Number of protein chains: 2
Amino acid sequence: MLATPVAGLPPRLRAGDDLAALVADAVADWRDGDVVVIAHKAVSKCEGRIVRLADVTPSARARQLAAEHDKDPRQVQVVLDESAELVRADHGVLITRTRHGFVCANAGVDASNSGEDDTLVLLPLDPDGSARGLRAALRAHTGVERLAVVVTDSFGRAWRHGQCDVAIGVAGLQPLDDRRGGRDADGRELRATWIAVADQAAAAADLVRDKISGTPTVVLRGLGHHVTADDGPGAAALLRPLAEDLFR
Amino acid sequence: MLATPVAGLPPRLRAGDDLAALVADAVADWRDGDVVVIAHKAVSKCEGRIVRLADVTPSARARQLAAEHDKDPRQVQVVLDESAELVRADHGVLITRTRHGFVCANAGVDASNSGEDDTLVLLPLDPDGSARGLRAALRAHTGVERLAVVVTDSFGRAWRHGQCDVAIGVAGLQPLDDRRGGRDADGRELRATWIAVADQAAAAADLVRDKISGTPTVVLRGLGHHVTADDGPGAAALLRPLAEDLFR
C-alpha cells in the first residue's frame, strides 16, 4: 500500500469551493482502486459548516458547563447543539454522542484550522452523504470508476492517549471486513476477526498528512480489493448500536 | 509511506524461534528509518507465551463467569490470570485491563492462530521489552541503525464496530507526536493535536497483512521522521492513567 499526500490544494477552502474538482486536478495520475482520504475540515468548510462565536447565544446549561470546565460558553452551546447526548464531562473535555451517532470529544467541533479567529468548524451534516457526493464528482472528473472516498476526523480513545483518525464518512470502500466464521492458516475459525478497514485507512492516511501545512487529502493505493462498485453502507456501519454500548 | 508485507516467514513459529533473524533474512533491502510492525502472536509464540487448556484448573469465579457468558471456564481462568481488573462482562465478551494496563477484550488472550487446537496465545509478558529486544537484534542482523519495531494486537473499540490494530510494544518509534501548543497554517494554536503515531502505524500495517495466510510482519517505509535514536518510552506512553479513565 502506498500513501501519498495530495499537494497543491488552496491553503484556505471556503463555502462553495468545488472540493472534488480541486482534488481531481491536484492528482496527476489517478488509478483504478484509489482510495481518497479527506480530513472532514476541508469538507465542512466547503459545505459552509462554520459557526461564528459572535452569533451564538449560550443557554443556562451551556454557561454552567462552561463555568465547570473552563470553556467558552458559546463554544459549549455549539457542542450541545451538535450533540444527541452528553456522555461524559470531565478533565475540561465534553465527550458527546453526535447527532450522527459518533462518540467523541466536543461533538467534533473544532476551533483550530477554521481560518478565522472567532469561528468553529462543525462536522458535516451527513458525512456519508458528503463522501457519496465527492465520490460521484471525483469519478466524473477523473473518469476512474473504482474510486473510494473516506472522510475522516481525529478521535481520542477511552483508554489510550493521543488521537487516531477514523472514518466518519465512507463511499465505495468496504467499511468493515468481516472474517468471522472464516478459517486461518491453521484451519481454525477466526472468531473475532472483524476488521475496521475504513478506520485503519483513515489512520494510515493521517500518518502522511502534515497537520501544520494542513494537507487535508491523501490517496491510498493498494486497497482496491476493498473498493466496491456501489457506495456501500458508509461509516454508519461502523457505529456500535446504543443497545451494545457498555460505556455510556 | 509504503507498507509492504514481509513474506517468507515460517507458517508456524514455535518457542525459541529467532524471530529477529527470520524477519531480517526475509527482507531483501533494509533502509534507514524502516518501521517493522509485528503482530504480537508471532512474538508471543516465539516467547513461549502459550497455555494449554488441559493444564488450566478454573476457579469458582471463572466457572461462574464462563456459565454467565457461555465461555470455556478454563479460557476464562486464563483471561482472569492475565487481567488486573475486569472492566465489563457483557454480550459474551470480557473486557479487562491487562497487567500491562491495556483495556481490551479477553485480556488479549486468543485461540485463533495458536497452531494447536487446545492452546491459547497470551500477550507478551513485557511487549515494550519484546520490541526493544527485537529492535536490538534487527539492528545487529541488518546493520541498519535507525530502525523501529512496533508489536501490535487487534483491539475492539467502545463505540465502534470492528477492530483496529494498536501498538502494545514500541521501540525506536515516537509513540505520540505532541503538537499541542504548536501552530497550524493559519497561525492558530493546535490545542488538542496529539497524534498516536504508533497506533496509526499499527493500523496502517494491518491493512496489508493477510489474516488468512497469517503474514505477521509488515515494513513501513517513509516514517523515518518518527524513528528515534534510542528506544524511547514505548507503548507504555500510550496508556491513559487510571485517574483519567472516565469509562471504567
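Quick caveat, the model's predicted, so the values are computed rather than measured. Along each chain, numbering runs from 1 in the same order as the chain's sequence is written. All chains are assigned letters beginning at A, and all ligands numbers beginning at 1, according to the order in which they are written. Selection of residues for local features in this predicted model requires a pLDDT of at least 70, selection of side-chain atom pairs for listing and counting requires 80 or more, and totals for whole chains, interfaces and linings are taken over all residues. As a convention, hydrogens and water are excluded, and side-chain values are obtained from all of the structure's heavy atoms.

1. Observations regarding the overall build of chain A
- The numbering of helices and of strands both runs from the N terminus, where a helix is a DSSP run of H or I of at least 4 residues and a strand a run of E of at least 2. Check the secondary structure of chain A and you find six helices and 12 strands.
- A compact globule built from 248 residues should have a C-alpha radius of gyration of about 18 Å, and chain A, at 19 Å, falls within 12% of that.
- With the C-alpha coordinates aligned to their principal axes, the bounding extent of chain A is approximately 55 × 45 × 25 Å.
- Remark: exposure states derive from per-residue accessible area (1.4 Å probe, protein chains only) relative to the maximum for the residue type, with buried under 20%, exposed over 50%, and partly exposed in between. Counting across all 248 residues of chain A, residues that qualify as buried make up 58%.
- Contact between two residues is taken to exist if any of their heavy atoms lie within 4.5 Å; hydrogens are not considered. Partitioning the intrachain contacts of chain A with sequence separation of at least 6 by distance along the chain shows that 61% fall at a separation of at least 24.
- Positive charges come from Lys and Arg alone, negative charges from Asp and Glu alone, with His and the N- and C-terminal ends not counted. Charge placement uses NZ in Lys and CZ in Arg. For Asp and Glu, CG and CD serve respectively. Chain A carries 30 positive and 36 negative side-chain charges, and their two centres are separated by 3 Å. Radius of gyration: C-alpha atoms only; globule rule: 2.2 Å multiplied by the number of residues to the exponent 0.38.

2. Comments concerning the nonpolar core
- In these notes, a set of buried Ala, Val, Leu, Ile, Met, Phe, Trp, Tyr and Cys residues joined through side-chain atoms within 4.5 Å is what counts as a nonpolar core. Core analysis: the largest hydrophobic core is formed by 54 residues, its most contacted members being Met1(A), Leu173(A), Leu220(A), Met1(B), Leu173(B) and Leu220(B).
- Those residues in contact with Leu220(A), other than ones at most four positions away along the chain, are Met1(A), Leu2(A), Ala3(A), Gly33(A), Asp34(A), Val35(A), Val37(A), Ala201(A) and Ala205(A).

3. Topic: the sheet that holds strand β4 (residues 83-90) of chain A
Residues and elements named next belong to chain A.
- Strand order in this open sheet of three strands is β4-β5-β6, and the pairing throughout is antiparallel. The sheet is open, and its two edges are formed by β4 and β6 (103-105), each paired on a single side. Taking the axes of each pair of neighbouring strands and ignoring which way they run, one obtains an average angle of 25 degrees across the sheet.
- Each axis is a line fitted through C-alpha atoms, and for a helix only the stretch in contact is used; angles between axes span 0 to 180 degrees, taken between their N-to-C directions. Running over the sheet, helix α4 (residues 73-82) touches β4 and β5 (93-98) and is turned about 130 degrees from β4. A pair of strands is labelled paired if DSSP reports no fewer than 2 bridges between them.

4. Points about the packing of helix α1 (residues 19-26) of chain A against helix α5 (residues 127-142) of chain A
Residue and element names in this part refer to chain A.
- At a closest axis distance of 9 Å, the pairing of α1 and α5 adopts a crossing angle of 45 degrees. Taken as axis vectors, α1 and α5 run oblique relative to one another. Every pair of crossing elements has a handedness; the one defined by α1 and α5 is right-handed. Side by side, α1 and α5 meet where Leu-19, Ala-20, Ala-21, Val-23 and Ala-24 of the first sit next to Leu-134, Ala-137, Leu-138, His-141 and Thr-142 of the second.
- The class makeup of the residues in the contact of α1 with α5 is eight nonpolar, two polar and no charged. Roughly parallel refers to an angle under 35 degrees, roughly antiparallel to one over 145, roughly perpendicular to one between 65 and 115, and oblique to any angle outside these ranges. Two helices that cross are described as forming a left-handed crossing if the nearer one is turned anticlockwise from the farther one by less than a right angle, and a right-handed crossing if clockwise. In the scheme used here, Gly and all other residues not listed as nonpolar or charged are polar, with Ala, Val, Leu, Ile, Met, Phe, Trp, Tyr, Cys and Pro taken as nonpolar and Asp, Glu, Lys and Arg as charged.

5. So, unusual backbone geometry
- Of note, the phi angle at Ala107(A) is positive, near 55 degrees, even though the residue is not glycine.
- The topology assignment puts Ala107(A) in the loop between β6 and β7 (119-121).

6. Observations regarding the pattern of salt bridges
- The salt bridge criterion pairs a side-chain nitrogen of Lys or Arg with a carboxyl oxygen of Asp or Glu, the two atoms within 4 Å. On inspection of all chains with the given rule, the structure shows 42 salt bridges over all chains.
- For Asp165(B), the salt bridge identified is with Arg209(B), shortest N-O distance 2.6 Å. A residue pair is termed long-range when its members are at least 10 positions apart, and Asp165(B) in strand β9 (residues 163-171) and Arg209(B) in the loop between α6 (197-206) and β12 (217-221) qualify at 44 residues.
- Using a relative accessible area of 2% as the deciding quantity, one classes Asp165(B) as buried.
- Each member of the salt-bridge network shares a partner with another, and the members are Asp29(A), Arg31(A), Asp34(A) and Arg221(A).

7. Re helix α1 (residues 19-26) of chain B
- For α1(B), every residue scored as buried is listed here: Leu19(B), Ala20(B), Ala21(B), Val23(B) and Ala24(B).
- Tucked into the core, α1(B) has its buried residues touching β2 (34-39), α2 (40-46), α5 (127-142) and β12 of chain B.

8. Regarding the sheet that holds strand β6 (residues 103-105) of chain B
All names here are of chain B.
- The sheet built from three strands is open, its strands ordered β4-β5-β6 with antiparallel pairing. The outermost strands of the open sheet, each flanked by one partner alone, are β4 (83-90) and β6. On average, each strand axis in the sheet is tilted by 25 degrees relative to the strand beside it, whichever way the strands run.
- Alignment of strand β5 (residues 93-98) against β6, held across three bridges, turns out to be antiparallel. Along β6, the bridge assignment pairs Arg-97 with Val-103.
- Along the sheet face, helix α4 (residues 73-82) touches β4 and β5 and points at about 130 degrees away from the line of β4.

9. A short note on the packing of aromatic side chains
- Between rings of Phe, Tyr and Trp, where Trp is taken as its six-membered ring, a pair exists when centres lie within 6.5 Å; planes separated by under 30 degrees are stacked, by over 60 edge-to-face, and by other angles tilted. Per the counting criterion, the structure on display carries four aromatic pairs over all chains.
- Here Trp159(B) and Phe247(B) contribute two aromatic rings whose centre-to-centre distance is 4.8 Å and whose plane-to-plane angle is 75 degrees, an arrangement assigned as edge-to-face. With a gap of 88 residues between them, Trp159(B) in the loop between β8 (147-156) and β9 and Phe247(B) in the segment after β12 connect regions that are remote in the sequence.
- By relative accessible area, Phe247(B) is classed as buried at 3%.
- In this analysis the charged atom, NZ for Lys or CZ for Arg, is taken to sit over a ring once it is within 6 Å of the ring centre and within 35 degrees of the ring normal. Here the basic side chain of Arg180(A) rests over the ring of Trp194(A), its NZ or CZ set 3.9 Å away from the ring centre.

10. What to know about α5(A)
All names here are of chain A.
- Helix span, expected: 1.5 Å multiplied by one less than the number of residues in the helix. Taking 1.5 Å of rise per residue, 16 residues should cover 22 Å, and α5 covers 22 Å from first to last C-alpha, within 8% of that figure.
- Considering only its buried residues, α5 is in contact with α1, β2 (35-39), α2 (40-46), β8 (148-156) and β9 (163-171).
- Among the residues trailing α5, Gly-143 stands out with phi positive, at a value near 75 degrees.

11. Side note on the domain arrangement of chain A
Residues and elements named next belong to chain A.
- Per the annotation, domain bounds derive from an automatic or database assignment of domains. Along its sequence, chain A is organised into domain 1 (1-49 + 123-241) and domain 2 (50-122).
- Across the boundary between the two partners, domain 1 contributes 17 residues, which contact 20 residues of domain 2.
- Together domain 1 and domain 2 conceal approximately 1500 Å² of surface at their shared face, both sides included; 56% is due to carbon and sulfur atoms.
- Looking only at domain 1, the three residues that lose the most surface to domain 2 are Lys-41, Arg-49 and Leu-123, adding up to 41% of its buried area.
- Inspection of the region where domain 1 meets domain 2 yields two salt bridges.
- Throughout this description, a polar contact denotes any pair of N or O atoms lying within 3.5 Å of each other; where both atoms belong to protein, one of them has to be capable of donating a hydrogen while the other can accept it, and for residues adjacent in sequence the pair is counted only when both atoms sit in side chains. The tally of links from domain 1 across to domain 2 stands at seven residue pairs in polar contact (both at pLDDT 80 or more). Throughout, the accessible surface (probe 1.4 Å) given up by two parts as they are put together, summed over both, is called the buried area.

12. Description of the packing of helix α3 (residues 60-69) of chain B against α4(B)
Residues and elements named next belong to chain B.
- Packing of α3 against α4 brings their axes to within 8 Å, and their N-to-C directions diverge by 120 degrees. As far as their axial angle goes, α4 and α3 are oblique. The interaxial crossing formed by α3 with α4 has right-handed handedness. Along its contact with α3, which presents Arg-61, Ala-62, Arg-63, Leu-65 and Ala-66, the element α4 presents Pro-73, Val-76, Gln-77 and Leu-80.

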